[in-house]
Amino acid sequence: MILNRGDIIPGKQEREEIKSRYLQIKPISYKNLRPILIASLGGFVVALMPKLSKQSNPVADEKTYLDRVFDLEFDLSEISQQSKHQQQLSEVANKVLEYFQNVKNKVPKTLRDLKKADRLTSYSEQELIAGLKELIQFEKLNTGENNTYFLPNW
């Protein structure tokens, strides 16, 4: 192991400190699938590599995707860009929409169904209700009888 080599890291005390820091962050590295960085820039540093990728949210349907591509490629006006930024969904609304897009049985869902969904358990009931209202406002979800919700294309 590089941390044990005296020709790379001179000084036993410094090697032990670096090795100790390495052993501290090793479980975090495995848990988060992020490599460990060991660098010497004016002194040795041991840290987790930063997240370099940026995951994009899936697009709801083909029309939304084509509209987004058109806006990015051809509509360069500031007003259009500002209105697009205003129409972006909140995190909880995106997660709720993602849930509806990925459910196997395409039947209307209730708030109770959403609270049971694994990907939505971190949100409170109030947050889920706010996300549902936001999706209905932007016409991404429809409401049905008995407080049910469904995608427009179901």
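Quantities reported herein were computed from a predicted structural model and do not represent experimental measurements.

Undergrad: What should I look at first to understand the overall build of the protein chain in this one?
TA: For the protein chain, the count of helices and strands is six helices and five strands. Order of helices (α) and strands (β) in the protein chain, N terminus to C terminus: α-β-β-α-α-α-β-α-α-β-β. Counting all 154 residues of the protein chain, 22% fall into the buried class. Sequence-distant contacts in the protein chain: of pairs separated by 6 or more residues, those separated by 24 or more amount to 41%.

Undergrad: I'm lost on helix α4 (residues 91-102) in this one. Help?
TA: In an α-helix there are 3.6 residues to a turn, and that puts residues three or four apart on one side. Its 12 residues give α4 an end-to-end C-alpha distance of 17 Å, which sits within 8% of 16 Å, the value for a rise of 1.5 Å per residue. Buried within α4 we find V92, A93, V96, L97, E98, Y99 and F100. In this structure, the buried side of α4 is in contact with β3 (109-110), α5 (111-116), α6 (125-137) and β5 (148-150).

Undergrad: Is there a simple way to explain unusual backbone geometry in this structure?
TA: What you tend to see is this: most non-glycine residues have negative phi, and most peptide bonds are trans. With a phi angle near 60 degrees, E139 is a residue other than glycine that sits in the positive phi range. For E139, the position within the fold is in the loop between α6 and β4 (142-143). Notably, N147 is not glycine yet its phi reads approximately 55 degrees, a positive angle. Looking at where N147 falls in the secondary structure, it is placed in the loop between β4 and β5.

Undergrad: I would appreciate a short explanation of the confidence of the model for the protein chain in the present structure.
TA: Do not read the predicted coordinates in detail wherever pLDDT is low. Summary statistics for the protein chain give a mean pLDDT of 79 and a share of 80% for residues scoring 70 or more. Across the protein chain, the element-wise mean pLDDT spans from 49 in helix α3 (residues 78-86) up to 91 in α6.

Undergrad: Sorry if this is basic, but what is going on with the pattern of salt bridges here?
TA: Pairing between side chains becomes possible if they bear opposite charge and their charged atoms approach one another. Summed over the entire model, instances satisfying the criterion amount to three salt bridges. Between E16 and K19 there is a salt bridge, and its shortest N-O distance comes to 3.9 Å. A residue pair is termed a helical-turn pair when its members lie 3 or 4 positions apart in one helix, as E16 and K19 do in helix α1 (residues 12-32) at three residues. On the basis of relative accessible area, K19 is assigned to the partly exposed category, the value being 22%. Measuring nitrogen to oxygen at the nearest pair gives 3.0 Å for the salt bridge that ties K115 to E125. You can see K115 sitting in helix α5 and its partner E125 sitting in helix α6, a full 10 residues away along the chain.

Conventions and cut-offs
- Residues numbered from 1 in each chain as written.
- Predicted model: local features only at pLDDT ≥ 70, side-chain atom pairs only at ≥ 80, totals over all residues.
- Heavy atoms only, no water.
- Helix = DSSP H or I, 4+ residues; strand = E, 2+ residues; numbered from the N terminus.
- Buried < 20%, exposed > 50% of the residue type's maximum accessible area, 1.4 Å probe, protein only.
- Contact = heavy atoms within 4.5 Å.
- Expected span 1.5 Å × (residues − 1).
- pLDDT = per-residue confidence, 0-100.
- Salt bridge = Lys/Arg side-chain N within 4 Å of Asp/Glu carboxyl O.

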